Amino acid sequence: MIQINNLFNNENIKLIASSGQYFIYEHQKDLSVSPYSAVREYFMKEMNCKKRQVLIQLNNSACKTQAGAMQWVAGNITTTSGVTGVGNFLGKMVKGAVTGESAVKPEYTGQGFVMLEPTYNHILIEDVASWGQGLVLDDGLFLCCDLSLKESISKRSNISSAVLGGEGLFNLCLSGQGYAVLESPVPREELIEYNLENDVLKIDGNMAVAWSSSLQFTVETITGRALGSAATGEGFVNVYRGTGKVLMAPTIPGTTMSNENGPERTSKTLF
């Protein structure tokens, strides 16, 4: 039996969300500061730039994580690489190379706790079954998930969708019954969820965090014609068509000083 002190009863570590066997803890402020970093750490706290960690509580259950994500393991837990043979390893290598995710994801089985490394990214817990046939992730967002979930590769309908849309040609797709934990560039409060029913969503830029695998993803001009799109100043947009969900970040860190996705400005003045 293991007793863990100064974690669940630590006033500086707050539980902010949980689903299934996953618990998200947020460090309210960094107490390990020096006189040289105190000012920076103070303003990071005020602007919600905090360290967050995922605690996985296994109860005779299993999960898999991104490679290198584990910080500590406590309890009767068995760790494996998830590789069952040479062919399986080569398949994972190919899948990892094309999706940008780690080729081998460690698997943890048993009863106890698995704590993941702290991150400044925001963390989302998604019920994969609620996404229909599958949940397609933007590159680099996967953190961990239930071992029961199936991994596959979602391929773009055409090469132009990858080249013109700012997306990769392949993405990781999760399907089945269970939860997945994702890293997000923005908090849950800023994410916009679109539920499409035989409809169309057009997004200017690589802003989609995740979408249903049932949706057809293409890249098109906003008007359907090159000349008309050039006149509007919008150019190409990412188009999600069909029935399913799209999770979109309306703001991406680092774009506030750029006018790339903003309205076109004219040199003329009215006064």
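Everything discussed here concerns the structure shown above.
For the structure given in this document, a descriptive report is provided here.

With that out of the way, let us pick up the layout of surface pockets. Considered as a void within the structure, the second largest pocket measures approximately 270 Å³ in volume. Every residue lining the second largest pocket is counted, 13 residues in all, and those nearest its centre are Ile16, Ala17, Ile123, Arg188 and Glu189. Looking at the lining of the second largest pocket, the elements with two or more residues in it are β1 (13-19), β2 (22-27) and β6 (122-127). Top contributing element to the lining of the second largest pocket by residue count: β6, with four residues. When grouped by side-chain class, the residues that make up the lining of the second largest pocket number seven nonpolar, two polar and four charged.

So, about the pairing of strand β13 (residues 208-212). In terms of residue burial, β13 counts as a mostly covered element, since five of its five residues are buried. In terms of strand pairing, strand β7 (residues 135-137) meets β13 through three bridges, oriented antiparallel. Across the sheet, residue leucine 135 finds its bridge partner in β13, namely serine 212. Across three bridges, the pairing between β13 and strand β15 (residues 236-248) is antiparallel. Each residue of the ladder has a partner; that of tryptophan 211, found in β15, is valine 246.

Let us look at the state of the cysteines. As enumerated under the stated definition, the model contains zero disulfides in all. Note on cysteine 144: no disulfide assigned, nearest cysteine sulfur contributed by cysteine 63 at a separation of 6.3 Å. Take cysteine 144: its relative accessible area is 0%, and that puts it in the buried class.

Quick look at the packing of aromatic side chains now. Per the stated rule, a full pass over the model turns up six aromatic pairs. With 6.1 Å between their ring centres and 25° between their planes, tryptophan 211 and phenylalanine 217 make a pair best called stacked. Relative accessible area serves as the criterion here: at 5%, phenylalanine 217 is assigned to the buried category. The interplanar angle of 55° and the centroid separation of 5.6 Å between the aromatic rings of tryptophan 211 and tyrosine 240 together place this pair among those described as tilted. On the criterion of sequence distance, the pair formed by tryptophan 211 in strand β13 and tyrosine 240 in strand β15 is long-range, its members being 29 residues apart. Just as tryptophan 211 is buried, tyrosine 240 falls in that class too. Cluster of aromatic residues (ring-pair linked, three or more members): Phe8, Tyr25 and Phe113. Positioned above the aromatic ring of phenylalanine 142, the side-chain terminus of lysine 105 is 5.3 Å from the ring centre.

Cut-offs and rules
Residues numbered from 1 in each chain as written. Predicted model: local features only at pLDDT ≥ 70, side-chain atom pairs only at ≥ 80, totals over all residues. Heavy atoms only, no water. 1 Å grid on protein atoms, 1.4 Å probe; cavity = no way out; pocket = protein on both sides within 12 Å on 5 of 7 lines; lining within 4 Å. Points joined across faces, edges and corners; volume = space filled by probe spheres on them. Helix = DSSP H or I, 4+ residues; strand = E, 2+ residues; numbered from the N terminus. Nonpolar A, V, L, I, M, F, W, Y, C, P; charged D, E, K, R; others polar. Buried < 20%, exposed > 50% of the residue type's maximum accessible area, 1.4 Å probe, protein only. Pairing = 2+ DSSP bridges. Disulfide = S-S within 2.5 Å. Phe/Tyr/Trp six-rings, centres within 6.5 Å; stacked < 30°, edge-to-face > 60°. Lys NZ or Arg CZ within 6 Å of the ring centre and 35° of its normal.

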